[in-house]
Amino acid sequence: MASTKPGERKLQILQTLAAMLEHPKGEKVTTAALAARVEVSEAALYRHFASKAQMFEGLIEFIEASIFGLINQICESQDQGLMQAQSICGMLLNFAEKNPGMTRVLIGDALVNEDERLQLRMNQLAERLEMAFRQSLRLAVSQGYLTEAEVQARANLLCSFVMGRWLRFAKSGFKLSPTDLAPMQIALLLS
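Residues numbered from 1 in each chain as written. Predicted model: local features only at pLDDT ≥ 70, side-chain atom pairs only at ≥ 80, totals over all residues. Heavy atoms only, no water.

Chemist: Let's hear about the overall build of the chain: which residues, and what values?
Modeler: Helix and strand content of the chain: nine helices and zero strands. In terms of overall dimensions, the chain has a C-alpha envelope of 60 × 35 × 30 Å along the principal axes. Taken across its 191 residues, the chain has 47% of its residues classed as buried. Residue pairs in contact within the chain that sit at least 24 positions apart in sequence constitute 66% of those at least 6 positions apart. If you sum the accessible surface of the chain, you get close to 10000 Å²; carbon and sulfur atoms cover 54% of it. In the chain, 20 side chains carry a positive charge and 20 a negative one; their mean positions are 4 Å apart. (Helix = DSSP H or I, 4+ residues; strand = E, 2+ residues; numbered from the N terminus. Buried < 20%, exposed > 50% of the residue type's maximum accessible area, 1.4 Å probe, protein only. Contact = heavy atoms within 4.5 Å. Areas by Shrake-Rupley, 256 points an atom, 1.4 Å probe, with all protein chains shown as cover. Lys, Arg positive; Asp, Glu negative; His and termini not counted. Charge placed at Lys NZ, Arg CZ, Asp CG, Glu CD.)

Chemist: Which residues make up helix H2 (residues 31-38), and what values go with them?
Modeler: Here H2 has its buried residues at Thr31, Ala33, Leu34, Ala35 and Val38. Residues of H2 that are buried in the fold lie against helix H1 (8-21), helix H3 (42-48) and helix H4 (52-77).

Chemist: Mind laying out helix H7 (residues 116-142), listing which residues take part and the relevant values?
Modeler: With 27 residues, H7 should cover 39 Å at 1.5 Å per step; its first-to-last C-alpha distance of 39 Å lies within 8% of that length. One or two residues past the end of H7 sits Gly144, with phi positive at roughly 85°. (Expected span 1.5 Å × (residues − 1).)

Chemist: Describe the packing of H1 against H2, listing the residues and the values that go with them.
Modeler: Put simply, H1 and H2 touch, their axes get as near as 10 Å, and they point 115° apart. H2 is crossed by H1, and the crossing has right-handed handedness. Between H1 and H2, the residues in contact are Arg9, Gln12, Ile13, Thr16, Leu17 and Met20 and Ala33, Leu34, Arg37 and Val38, respectively. Partitioning the contact of H1 with H2 into residue classes produces six nonpolar, two polar and two charged. (Axes fitted to C-alpha atoms, helices over the stretch in contact; angles between N-to-C directions. Left-handed = near helix turned anticlockwise from the far one by under 90°. Nonpolar A, V, L, I, M, F, W, Y, C, P; charged D, E, K, R; others polar.)

Chemist: Go over the packing of helix H5 (residues 81-98) against helix H9 (residues 182-190), please, and point to the residues and values.
Modeler: A pair of packed helices can be characterised by two numbers: the angle between their axes and the separation between those axes. Two elements in contact, H5 and H9, have axes whose closest approach is 10 Å; the angle formed by their N-to-C orientations is 145°. In this structure, H5 crosses over H9, and the sense of that crossing is right-handed. For the pair H5 and H9, the contacting residues are Leu82, Ala85, Gln86, Cys89, Gly90 and Leu93 in the first and Ala182, Ile186 and Leu190 in the second.

Chemist: Describe the confidence of the model for the chain, naming the residues involved and giving the relevant values.
Modeler: Note that predicted coordinates carrying low pLDDT should not be read in detail. Averaged over all residues, the pLDDT of the chain is 91; the fraction at 70 or higher stands at 95%. Mean pLDDT values for the elements of the chain range from 87 in H3 up to 98 in H5. (pLDDT = per-residue confidence, 0-100.)

So this is what it looks like as structure tokens:
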């Protein structure tokens, strides 16, 4: 067995877990199946992660870092509130399309029968996404494009739209693209 650099095996385990989640009708994601795919023993998995829940936490940390890093980039590069909200929405749909296994984590599908704190963490992520939409929409209010009374409802609507598209994508076995017709639909939500 070739030696791996520190952290490489951990990353390989997380990438394999995400790849396994891309096949919703495939094998059940167990530590035994994961170990077999990575070609290590289950004991080797537990040298990198204390539990299966910790493996999912690693995926969630990657998702959070990726999504909120991109949101920060959008907000720094775009000074118009409505364009920020539109770009954030589009980015979230593109992220799902490029990462189908992680989409199952985002909607909680992959977390069924796992530690409940994982689903709580995904609920917090959804709240943070809605907060990001609110911030962009408040900027749009200060720019004269919306009224303050619209902010909460539109932020919630945008978040619900994104989550609905994620759900539709996952439940279709990743056949129905979350980005199909999205630009027009997002424009309608923000008009």
